[in-house]
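Chain by chain, the residues run as shown.
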Amino acid sequence: MAPSHTHASTDPLSLIDTYGCPLYVYDTAVMKRQYDKLFNAFDVQSLRLNYACKALTNINVLKYFKSLGAGLDTVSIQEVWLGKRAGFAPEDIIYTPNCVSLEEISLAVKEGVMINIDNISILEEFGQAFPDVPVCIRINPHIMAGGSSKISVGHIDSKFGISVHQIPLVERLVKAMGIRVVGVHMHTGSDILDAGVFLQGAEILFEVAAKFDQLEYIDFGSGFKVPYKEGGISTDIEDLGEQLSTRFNDFTESYGRELTLMFEPGKFLVSEAGKFYTRVNVVKQTTSTVFVGVDSGLNHFIRPMFYDAHHEIENVSRSGGKQRIYTVVGYICETDTFGVNRRLSEVQEGDILCFYNAGAYCSTMASNYNSRYRPAEVLIHEGRAHLIRERDEFDDLLRKQVILDTFG
Ligand SMILES: *Cc1c(COP(=O)(O)O)cnc(C)c1O
């Protein structure tokens with residue numbers, strides 16, 4: 001019999017019994033806590049948080065953020081369609097793609113969503129094709145976060161955004177073609193470590209904003225950092241909120257017109273809301289290391305290998321046991337190390353390990369590599385667990401393959 005799609009217990013071991021292992025489990029209470037925290041940090045007339053749904057794209061999560069009053073930030077036409085399916089009004093969806101064709105942008109125009117342009121040649125083509133459609137301009141402010149630590153997508157060689165040095169050209173095009181610019185945007189993709197660095201970028205955006213007189217909003221993107229380990233760095237939201245609100249209110253006063261302050265957080269809203277559970281297949285002692293090998297790998301949880309991200313790991317089957325040092329690895333035929341020299345309650349084969357901060361960029365980056373199944377996903381809401389994605393089965397691996405007769 002197929003398992004029921006809701007479950008009265010939210011105990012992870014019981015959920016694994018029902019929905020299989022590995023398993024992603026998300027909690028709406030944490031999403032709401034984060035949404036409220038961000039929303040309440042700003043003191044402005046009009047504030048809008050657009051959930052950057054590439055972090056966690058399950059449609060139930062989109063619907064949940066809509067119920068909290070969020071808008072949606074999308075980076076592909078498919079995410080636009082998902083947002084509409086989730087019930088977002090077109091005007092509450094912003095489409096911020098990079099290096100896509102005018103054809104795809106035209107499809108987004110047809111859906112009536114807000115278009116964010118990040119390339120001058122596209123702006124020119126867009127102005128010709130859609131003279132009456134308002135746009136937002138994505139700026140690359142080229143900010144450097146001091147020293148050698150380059151801010152990752154706002155720097156000089158980045159493919160994102162229109163260089164702030166090209167604004168005179170943008171102004172000329174806008175004027176000549178009668179393009180209506182209703183928003184300016186930046187998303188440096190960097191971690192906002194302190195309000196000071198962020199405000200430096202914000203000043204550049206205000207300077208650009210002052211050059212366009214039909215604005216409705218200023219969008220500061222994201223980069224809000226959450227802690228991934230005890231004592232890890234996180235954005236001081238209250239401090240940033242206070243300083244930016246004051247500056248934003250000053251700006252709107254001098255601009256002479258009310259503007260909406262916008263952000264598009266992904267990680268901040270969902271990272272801590274997710275946990276990923278795996279089962280220990282083997283404990284393997286080599287000459288120098290004790291490996292713990294689990295029933296998952298870079299196919300389900302790639303951030304440690306892709307970004308060198310640190311995710312806390314806990315042995316939930318045996319908390320309070322004797323502490324030992326392990327290197328936790330995956331079962332994929334690649335080097336897929338989750339964590340080196342981790343202190344865990346003494347691990348035995350069959351134990352369940354929990355990986356923290358698994359809400360953002362984990363299931364959405366998962367694949368079927370090694371012909372493994374993608375795990376089920378469960379959403380905990382008001383004390384009940386709901387299945388929101390079924391675990392793959394064998395037929396899913398073949399679903400889009402075309403099997404030729406040629407080879408018998
Ligand atoms: C990915 C992305 C975001 C979200 O970034 P987080 O670090 O997850 O908050 C916001 N805006 C744009 C344009 C993005 O591409």
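None of these values were measured; they are calculated from a predicted model.

About the thresholds
- Residues numbered from 1 in each chain as written.
- Predicted model: local features only at pLDDT ≥ 70, side-chain atom pairs only at ≥ 80, totals over all residues.
- Heavy atoms only, no water.
- Phe/Tyr/Trp six-rings, centres within 6.5 Å; stacked < 30°, edge-to-face > 60°.
- Helix = DSSP H or I, 4+ residues; strand = E, 2+ residues; numbered from the N terminus.
- Buried < 20%, exposed > 50% of the residue type's maximum accessible area, 1.4 Å probe, protein only.
- Lys NZ or Arg CZ within 6 Å of the ring centre and 35° of its normal.
- Contact = heavy atoms within 4.5 Å.
- Axes fitted to C-alpha atoms, helices over the stretch in contact; angles between N-to-C directions.
- Parallel < 35°, antiparallel > 145°, perpendicular 65-115°, else oblique.
- Left-handed = near helix turned anticlockwise from the far one by under 90°.
- Nonpolar A, V, L, I, M, F, W, Y, C, P; charged D, E, K, R; others polar.
- Near = heavy atom within 4 Å.
- Polar contact = N/O pair within 3.5 Å; in protein donor to acceptor, adjacent residues only side chain to side chain.
- Areas by Shrake-Rupley, 256 points an atom, 1.4 Å probe, with all protein chains shown as cover.

So, about the packing of aromatic side chains. Summed over the entire model, instances satisfying the criterion amount to 21 aromatic pairs. Each ring, one from phenylalanine 206 and one from phenylalanine 248, has its centre 6.4 Å from the other, and the planes form 50°; the classification is tilted. On the criterion of sequence distance, the pair formed by phenylalanine 206 in helix α8 (residues 195-209) and phenylalanine 248 in helix α9 (residues 237-255) is long-range, its members being 42 residues apart. The same class applies to phenylalanine 206 as to phenylalanine 248, namely buried. Grouping aromatic residues by their ring pairs yields a cluster made of Phe42, Phe198, Phe206, Phe220, Phe224, Phe248, Phe251, Tyr255, Phe263 and Phe268. Residue placement shows arginine 247 over the ring face of phenylalanine 206; its charged tip is 4.8 Å from the ring centre. The cationic tip of arginine 372 hangs over the ring face of tyrosine 331; the distance from NZ or CZ to the ring centre is 4.2 Å.

Residues of helix α1 (residues 12-19) that are buried include every one of Ser14, Leu15, Ile16 and Tyr19, and no others. Packing partners of the buried residues in α1 comprise β1 (6-7), β2 (23-27), β12 (274-285), β17 (352-355), β18 (376-381) and β19 (384-389). The positive-phi residue at the C-terminal boundary of α1 is glycine 20, with phi of around 90°.

With that out of the way, let us pick up the packing of helix α5 (residues 102-111) against helix α6 (residues 120-129). Where α5 meets α6, the axes come as close as 11 Å, and the angle between the chain directions of the two elements is 50°. As judged from the angle between their axes, α5 and α6 are oblique. Where α5 crosses over α6, the handedness of that crossing is right-handed. Here Leu102, Ile105 and Val109 of α5 lie close against α6, whose contacting residues are Ile122, Glu125 and Phe126. Here the contact of α5 with α6 is built from residues that sort into five nonpolar, no polar and one charged.

Looking at the ligand, there are 13 residues lining it, with Lys54, Ser222, Glu264, Lys267 and Tyr361 nearest. In this structure, serine 222 approaches the ligand through a side-chain N or O atom, which is 2.4 Å from an oxygen atom. At 2.9 Å, a backbone N or O of glycine 266 approaches an oxygen atom of the ligand. The fraction of the free accessible surface of the ligand (390 Å²) that becomes covered by protein chains is 88%. Each residue belonging to the shell around the ligand can be placed in one class, and the counts come to four nonpolar, four polar and five charged.

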